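Residue-level structural notes
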Amino acid sequence: MPAEQVLILGLETSCDETAAAVVADGRQILSSVVSSQVELHARFGGVVPEIASRQHLLLINSLLDDALEQVNLKFSDLHAIAVTHGPGLVGALLVGVATAKALAYALRLPLIAVNHLEAHLYAHNLTGINIVYPAVTLIVSGGHTELLLLEEDGSITRLGRTRDDAAGEAFDKVARLFELGYPGGPLIDRLAKNGNPAAIDFPRAWLNDDNARFDFSFSGLKTAVINHLYHARRLNETINLSDLAASFQEALVEVLVEKTAAAADKYGAKTVLVAGGVASNSYLRLRMEQRLSKARPVLQLYFPPPELCTDNAAMIAAAAFPLYKKKAFAPLNLNAHPGLEIGLS
Ligand code: KG4
Ligand code: ZN
C-alpha cells in the first residue's frame, strides 16, 4: 500500500444495515462488509427501530474486525474514523456514532461526521467515473427522494423533493399490500418483470406548478393501487399481481425519469447521477437509459453497481475523504441527527 494513501474506516448504522469499510483516498474500496437485518424485520413488514439498534450493537465490533482483517490492516494503519451521524433512526445512528467516537478517542484519530444522503452520492466516486459539471442527481432511497443540482465549485442546490412518501417507501408499502415481504423494492422489481406495465393506467402526480415542477408525490399512487385491489376483490375479478406491480412501477418510474430529464435539460447538465437503494431498480435503469440516450454523448448517465446503491459503509468513508482533506473534523461530543438535511448552498 503506498504510504501516502489516506485510509479511512467508515461505519454505517443509520437504518437496518450494519456496515464497515476501509477506503483509500476516497476512491478505492479496500474492504466493505455489510450485514443486513432484513430477515429480522421481515415478519413485521418494515424496520422496527428498537430491534435495529440492538442488532447494530451485536454486530458492529465483529464487522469492524472483518473490515480490517479482510485487507490485513491494523487499527494503527488508519488515518481517520468516519461515521453516519444522520439522517436515520436515532437509536440506530447512536450505535455507530458511539462506536466511532470510542475508536477515534482510543486511537487518537480524527473523527469525521458524514451525512448519509450526501454519502449516497459519493458511491459514484468509488466507480472510477469522471463527473463533468453541472450534474443533476436523483437520490431515491427508503426515506428520501431528492433532485439536486451539483456544480463544479461543490455547491448543492435542491431542485425538488418528495412531498409525502419516498420512492422506496412507496415500493415497500405496495409490496406489503401484495403480501410480498420486506424490503419490497427488489420483490416488486422481480414480480414486475412478468407483468404488463400498460395494464393499468395509474395516476402520475406531475405537480406542474412552477414552484413544484421538480417535486414528487407518491402517496396518491399508493392509494390508487390500494383502491384498485379493493374494487377488484369486491367484484371478484381475477387479480394479476404481476400486471399490478408492473403498472405501479411504470407510473412511479415515469415520474422519476421525466422530472430528472426535465431538470437536466433546464440546467444544461453534463452528467446525471442516480443514487440510493431504488437506483438498483432494473426498470428505472432501463427507462432512464432510454430517455437520456438522445442527449448522449453530451450528457452522461451513471448508476452505481447495486451493492453501492443500497446502504454500505464504503460510501461513508468516500464521503469523509474531502472532509479529511479540509480537516473538517467532528468533536468527540458528536451526536446523532435523525432529521439531518443535505448540505445545501
Ligand atoms: O438507500 P437504502 O438502502 O436505504 C435508505 O437509506 O433508505 O434504500 C432502501 C430502499 C428500500 O425502500 C428498498 O425497497 C429500495 O431501496 N430498493 C429498491 C430496490 N432495491 C432496494 N426499490 C426498487 N427496486 C429495487 N430493485
Ligand atoms: Zn441510504
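Attention in this report is confined to the structure presented alongside it. (Residues numbered from 1 in each chain as written. Chains lettered and ligands numbered in written order. Predicted model: local features only at pLDDT ≥ 70, side-chain atom pairs only at ≥ 80, totals over all residues. Heavy atoms only, no water.)

Right, let's talk about the packing of helix α5 (residues 167-177) against helix α7 (residues 219-234) for a bit. Where α5 contacts α7, the axes come no closer than 10 Å and their chain directions differ by 10 degrees. Classified by the interaxial angle, the pair formed by α5 and α7 is roughly parallel. On the side of α5, the interface is formed by Lys173, Val174 and Leu177, while α7 contributes Lys222, Val225, Ile226 and Leu229. Of the residues that constitute the contact of α5 with α7, the class distribution is 5 nonpolar, no polar and 2 charged. (Axes fitted to C-alpha atoms, helices over the stretch in contact; angles between N-to-C directions. Helix = DSSP H or I, 4+ residues; strand = E, 2+ residues; numbered from the N terminus. Parallel < 35°, antiparallel > 145°, perpendicular 65-115°, else oblique. Contact = heavy atoms within 4.5 Å. Nonpolar A, V, L, I, M, F, W, Y, C, P; charged D, E, K, R; others polar.)

The element strand β2 (residues 17-24) is largely enclosed, with a buried count of 8 among its 8 residues. Of the two faces of β2, the one carrying Glu17, Ala19, Ala21 and Val23 and the one carrying Thr18, Ala20, Val22 and Ala24 are both buried. Counting the residues in the hairpin turn of strand β1 (residues 7-12) and β2 gives 4 residues. In terms of strand pairing, β2 meets strand β3 (residues 28-36) through 8 bridges, oriented antiparallel. From the neighbouring strand, Ala20 faces β3, where its bridge partner is Val33. Linking β2 back to β3 in an antiparallel pair, the connection comprises 3 residues, with Asp25 at a positive phi of about 50 degrees. (Buried < 20%, exposed > 50% of the residue type's maximum accessible area, 1.4 Å probe, protein only. Pairing = 2+ DSSP bridges.)

This brings us to the pairing of strand β5 (residues 111-115). For β5, the tally of buried residues reaches 5 of 5 residues, placing the bulk of the element in the interior. Of the two faces of β5, the one lined by Leu111, Ala113 and Asn115 and the one lined by Ile112 and Val114 are each fully buried. As paired elements, strand β4 (residues 80-86) and β5 share 5 bridges and run parallel to each other. Opposite Val83, over in β5, you have Ala113 as the bridge partner. In the classification by handedness, the crossover that spans β4, the intervening helix α3 (residues 90-107) and the parallel β5 is right-handed. (Right-handed = clockwise from strand over helix to strand, strands pointing away.)

Okay, the sheet that holds strand β9 (residues 271-275) next. The strand order β8-β7-β6-β9-β10 describes an open sheet built from 5 strands, whose pairing is mixed. Both edges of this open sheet fall to β8 (156-161) and β10 (300-302), since each of them pairs with a single strand only. With direction set aside, neighbouring strand axes in the sheet form an average angle of 20 degrees. The pairing of strand β6 (residues 135-140) with strand β7 (residues 145-150) spans 6 bridges and is antiparallel. By the bridge assignment, Val140 is partnered in β7 with Thr145. Those strands touched by helix α8 (residues 241-266) are β6, β7, β8 and β9, and its axis lies near 160 degrees from that of β6.

Attention shifts here to the coordination of the zinc ion (ligand 2). The protein atoms that coordinate the zinc ion (ligand 2) are His116 (NE2), His120 (NE2) and Asp311 (OD), at distances spanning 2.0 to 2.1 Å. Taken in chain order, the donor set of the zinc ion (ligand 2) reads H-x3-H-x190-D. Highlighted residues: His120 in helix α4 (residues 116-122) and Asp311 in the loop between α10 (306-309) and α11 (314-325), separated in sequence by 191 residues. With relative accessibility at 15%, the residue Asp311 sits in the buried group. (Donors = N, O, S within 2.8 Å, 3.2 Å for Na, K, Ca; no water.)

So, to be careful, I would describe these as geometric facts and stop short of saying anything about function.
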